[in-house]
Every structure is written in C-alpha cells, then in structure tokens.
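Spelled out, the chains give:
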Amino acid sequence: MKIAFTTKEPSWDSMMEARFGRAEYVLIYDEQSGQIVFHDNREIVNQEHGAGPKMAKAMADLGVDVIITGNGPGENARAVLAQMNTVVYVGAGEMNVAEAYKAYQDGTLEKF
Amino acid sequence: MKIAIASGKGGTGKTTLSTNLAMFLGEHESVVLVDLDVEEPNSNLFLNGELLKKEDKMKMIPRWDSTSCTLCADCVQNCNFNALLFIANEILVFPNLCHSCYACSELCPTGSLPMEPQKMGELSHFIAGNIDFVEGRLNIGEEQAVSLIAQTKKYVDQHFDEETIKIFDAPPGTSCPVIEAIKDADFVILVTEPTPFGLHDLTLAVETTRILKKNFGVVINRYGMGNDDVETYCHHENIPILGKIPHLVEAAKLYSEGKLIYKEILAFKAEIQNIALHVKAHCQGVMP
Amino acid sequence: MKEIVVISGKGGTGKTSITAALASLAKESCVVVDCDVDAADMHLLLQPDFAHKEDFYSGVLAHIDPDNCRNCGRCAQVCRFDAIVLQNGRYVVDELSCEGCGYCEKVCRPKAISMNERLAGAWFASQTKYGSDMVHAKLGIGAENSGKLVAKVKKEGKAIASAKNKSFMIVDGSPGIGCPVVSSLSGANFALLVTEPTLSGLHDLKRVYEVVKKFRIKAGCIINKADLNPSMCEEIETFLREESILHVKSIPYNKAFTQAMVEAKTISEYHDEPLKKLLEESFETIKNTLGV
C-alpha cells in the first residue's frame, strides 16, 4: 500500500494538515518498500480554483492507494479519487503523522 | 427606468428597502422587483409571491467526446481555470470551475469538446400583489454568479417594457457580481446605516459606483442609532441623501416576521415616499 | 493552537462585534484574523497599526501591447465576456470584464496579448491597540473574491500563531456560502455561528451550516438580538437541537453594540457589565468545548 498524508512540513514528525487540496506537503509512505517520499504541493496551493482536483490527480500520478487527511476532499477532488479507486480516511487533522498512521492501522479513522 | 439598490456591507437593509419601495411604487405604477443577490436571494421571504413561471438557467460547459479525442491534452493547457484534467486516459470536466470561455472547445484540434448547456440555477417569476417579482437563484456550490445575474437581467429586459420601473436588489460587497448587477442601472441607491461600519462600507460602495460612472444617492437606514458621520461624509462628498429611515424597534420586529413595514408604520412609509420621489426625479434629470 | 471561526451567512447580525469582543477577551493569547475581506470592518474596533503591507495578486488579466497589435479584432471575436472593446479605433481590454481565461492570448497571431498577474488587493500584519497580533486585508474593487486572499490571511495568521506560541486564532469569517467562507472554515477547530431571530437570519443560518457540516467542524451558535422575536428564537433553538449545534448564548438586543462601535471600542471594553458577562461566559463555553 502507498499511503499519502497531508502535512504541514516535509517531515515524519510534522503535524497533519486538515486541508486536502491546499495542504503544502504530502508525505507518501510505501508500506512494502518502507520508502518515504515528500511531495511538494505548494504550486497547487497557489491556484485560485481547482486545487483539490489537481492535488487528487497528483496523488493518482504518484500511484497512491490510500490518503489520510483531516477534513476530506471536496466534490471535484472526490470525483477524481473515485475514478482512481483511491481510499480516503479523514479526521486526522489534529494529529501528527505517526499518530495518524497508528490511528489508520487501528482502524479508528473514518472512511470518507 | 432601472434602479439598483446596493450596499457595501450586508445587513444594512437593502432587501427591506427594495421590497418596501417596490410594493409602494407598485400601488400606482407598473413595477418589477428583481433579486440579483443570486447566492442568497431573500426577497421572496417578504413577498410570498405566487409563482408564475420557473426556468432552469444554464451555462455552457464542454462535454468530452472520447470517440474522436486523440488525448493530446491541449485542452488542459488551454484552460486557465483548472476545469479540465487529463487522468488515466480520460479528460475529466469540472463544471463548477468552468467559466464558459470556450477556449478548450474551439481550440480542440479534433472538436472533441462540444459545448453543451448545464443547469447552474433557476429563475423564478412571481406575482406579488401589484408587482412582478423575478428572482435568480444559484445552485449551491456553483460559482458563476455573474453569468446568472446577466441572464436574469436579460429575462427582465425581454419581458418588461421601457415604462416599467425595474428595481434591482444587488448582492452586497464590491466584487464582480455587484458590478454586473449595477452596471446598466440608470440610478443606484446605496443603503447604509449611521455607524462606523456602515460609513466604512459606504465609502467602498461609493468608490465602486463612481468607477462605473453611475448617478447615485444614499439612504440611511436605522437613522438615529449611531452617529452623524455618514451625513457629514455625504455632505462633504456632495452625495444626495434620498431618505433617512428611522430606527424603530417595531420595524425590526416586523422585519423579523417577514412583514412589509411601510404598510404598518407611517413614519416609515413617509420616508419610502420621499425616496420614491427623489429617485424618480433623478431619473428624469430634475432635482425634486 | 485552536482556531475559532465566526460566521453568520447573513450580514448585520453582529458577527464582527462579537469576534472583536472575543479577541479582546483573549488578549495576547490570540492572533486575530479578518477574513471578511470584501467589507473588512474589524480594524475599526481593534485599531491595528497597518505596520506591514503586501500587495496581493490573484488570477490574470489580458493586456494588449499597442505596438505589436495589428488591430485585427480576433481577440474581441473570441472573448465571451465582452472584455475587449474598441476605443478610438483601437482594441483595449476592459479590466472589470476580463475574467482571465486567456483565449485572446492564444488566438493573437502577432502575440501582442500577454496575461499579467492581476493586483487584487493587499494584506496587512499589524499590532492591535492591545498589542495582540492581527492579520487583515482589503480586496480591490471589482476583484474576484476567490477565497485565495482569505486563505492567504489565514496562513499568515497561523504562521504568527505558531511562531509566537499563541493559544487561539480568532477569525472573522467571510459572509455568504461560497468559496471565501469555505476558505475561512478550512482547518478550523470550532465554528461559531452568529445569527438573529429573523426569517432571513434563520434561512441563511441553515444554508451556511450546510457548509460547516461538510467540514465536520464542531459548531456553536450565538443568537443575537434574541428578544426581537421570541417565536423565531424558539425556531432557531429547535434547529440547533436537531443538528446538535451547541447553543452558546442568547444575547438580548442591546444598543451597546452600536454605541461601542461609535466609540471605536469592542463590546467587552464597553461599560455594560451584563453584556460583558454574557460574552465572557460565551468564551468560557467555547474554551470548555475545545478542552482548553
């Protein structure tokens, strides 16, 4: 599984970012290989409109299976994610990344 | 005659003035009230009009034709609004982001994005007592208020003659929908209240109206509640004060119940009458 | 840091006065952010010093370079917004009508059209008269309120809050139910809905709550001018119960809102002890809900 976390900083210690399309960074953790990569989303953040679907497309291009975030994507982004069968978990907006990952493993996050 | 009623700030009494003024004028003349606050149309709460006609209002958006598309994705590049995405060998269209500029459609080398109508909101035409009432209502989540405002005005132009007094209830603020709502009015009434917030937002509304080179005047609502700064400002800027609607708790109560105030409170009616005279005089180019 | 966003849907409910009162109660423990960029009024009460100003650009605007333009009119033909007009025999851009789609630029053969960033307003980082931090903005006339300026002021507010270790960020939210209010609410811990017992107050409260609900943000409501219409007040209370929205407080109609404004004070500074107490209790209720 490739799991994406919307974060405030490009680090595993970062707090989660509650927003989806306008999160500045995305941390992508590949459970198989144990590899962590950071996706810089700041260019998308500066778009007037349509940040959500653009971000969703970026996630699709990176082959993400699961997204963990706070509030959840808006309708447009949801359309893209549905197309790609990406699963979204919400409610992790006030955790740090490690806590969010644990909550996901424990099954305590709400599926969007 | 087209009169737009606007205010820099919400909650100053724009809808109160437009509904009461329209109904008052409607007692002797042919009047249509048009609610152009398409994101929050509230006038009908006070008018309880009888629905005459309802139309879906459309905007043109591209539809992706997968059979002829060569997936060059030029359309994605040509869209400045992120309304198109190329994903997993498909072009996805996001209607609520589309401004209907036609660039993607007309520049598509294979003609694979024909423009087709999609519902963005509704226009309703009511009869409320002696007056006609037309309302534009944007679907929630839809952002192209300007287009619906333009279409609502067009409907009014097509269905009412020159003699009819047209009163436009504009959205609050100074952004693009406001400009669309007031840009072809013969006269603009700016509603404010005599408080520091009211004055500050009035100055913004005045600036907007001046940019559009419109004739305008000010109505001070809830007169007596705050201070004299709005009056001082108007005198200093040579802006006519068309009326001062007294601050009355009874008026606020009637408003809260969704009732027309001028029918119940004489002092209020006198001011509405005054405003009506001023506006008509201004439109005919003579001072009262 | 907890983020409290105050919204109302409808104008004139006392949203800004209540936000400013909460901010003055929180004093140095908070950063105040004014997201009502279309009609920003909170500075009239908190009197910030406008110490730092930055221009804000949003979207693009077509510009025709007259030296390269062959006056062929293709741009005007393709523009769906009537934004390219003939002026003294030359094609020029009507900046208020241009939506920045860039179609004209793409069809211009001599490449005389460029799309330039559009100056849409300015934002400020200030100290209020209490010495607390405030971020606020002013949207230009005719500019599109896309929510981007709202997002910008919130971001700057957050940066200050985390750098200075503040407990709260108190946000005066945008009106309406569109993009700006979505941006105001995004990332909030608590949405405080301010309403009044009028037909339109309830109507707009319901519409704006739909937006709050989508974000799953904890919500509470202050009914201002509560004694104006007791039966409408009951209707609002019923709605709050049905939606499990916390009824923070009912505040009776009080001239102090206007009087304080005239004196450029917040209502918690104004000499009206009962009103001040209602606001203090409201803030305590919100703090308890947030577990602070």
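See above for the structure.
Residues numbered from 1 in each chain as written. Chains lettered and ligands numbered in written order. Predicted model: local features only at pLDDT ≥ 70, side-chain atom pairs only at ≥ 80, totals over all residues. Heavy atoms only, no water.

(A) Spatial organisation of the nonpolar core. Judged by nonpolar contacts, the single largest core of 58 residues is most densely connected at Met59 and Ile67 of chain A together with Ile64 of chain C. The element that contributes the greatest number of residues to this core is helix H2 (residues 51-61) of chain A, accounting for 5 residues. Ignoring sequence-local partners within four residues, the contact set of isoleucine 67 of chain A consists of Ala4, Phe20, Met59, Leu81, Thr86, Val87, Val88 and Tyr89 of chain A. Ranked by size, the runner-up nonpolar core spans 45 residues in total, among them Val33, Val135, Ile160 and Ile236 of chain C. (Core = buried A, V, L, I, M, F, W, Y, C linked by side-chain atoms within 4.5 Å. Buried < 20%, exposed > 50% of the residue type's maximum accessible area, 1.4 Å probe, protein only. Helix = DSSP H or I, 4+ residues; strand = E, 2+ residues; numbered from the N terminus. Contact = heavy atoms within 4.5 Å.)

(B) Inspection of the interface of chain B and chain C at higher detail. Taken together, the 50 residues of chain B in the interface contact 50 residues of chain C. Carbon and sulfur atoms supply 59% of the area buried between chain B and chain C, which totals about 4,300 Å² over both sides. Together, Glu40, Phe197 and Ser256 of chain B form the three largest contributors to the area buried by chain B at its contact with chain C, with a combined 16%. At the junction of chain B and chain C, the tally comes to 2 salt bridges. On inspection of chain B and its partner chain C, the count reaches 17 residue pairs in polar contact (both at pLDDT 80 or more). Elements supplying a minimum of two residues to the side of chain B that touches chain C: helix H2 (44-47), helix H3 (74-78), helix H4 (103-106), helix H6 (176-182), helix H7 (196-211) and helix H9 (249-256) of chain B. In terms of residues, the side of chain B that touches chain C owes the most to one element, H7 of chain B, which gives 8 residues. Taken together, the residues of the side of chain B that touches chain C break down into 19 nonpolar, 21 polar and 10 charged. (Buried area = accessible area lost by both parts, 1.4 Å probe. Salt bridge = Lys/Arg side-chain N within 4 Å of Asp/Glu carboxyl O. Polar contact = N/O pair within 3.5 Å; in protein donor to acceptor, adjacent residues only side chain to side chain. Nonpolar A, V, L, I, M, F, W, Y, C, P; charged D, E, K, R; others polar.)

(C) Up close: the packing of H7 of chain B against helix H8 (residues 229-236) of chain B. Residues and elements named next belong to chain B. In contact at an axis separation of 10 Å, H7 and H8 are set at 25° when each is read in the N-to-C sense. By the criterion of interaxial angle, the relationship of H7 to H8 is roughly parallel. Pair H7 / H8 crosses with right-handed handedness. Across the interface between the two elements, Leu199, Leu202, Thr203 and Val206 of H7 pack against Asp229, Val230, Tyr233 and Cys234 of H8. Considered class by class, the residues forming the contact of H7 with H8 number 6 nonpolar, 1 polar and 1 charged. (Axes fitted to C-alpha atoms, helices over the stretch in contact; angles between N-to-C directions. Parallel < 35°, antiparallel > 145°, perpendicular 65-115°, else oblique. Left-handed = near helix turned anticlockwise from the far one by under 90°.)

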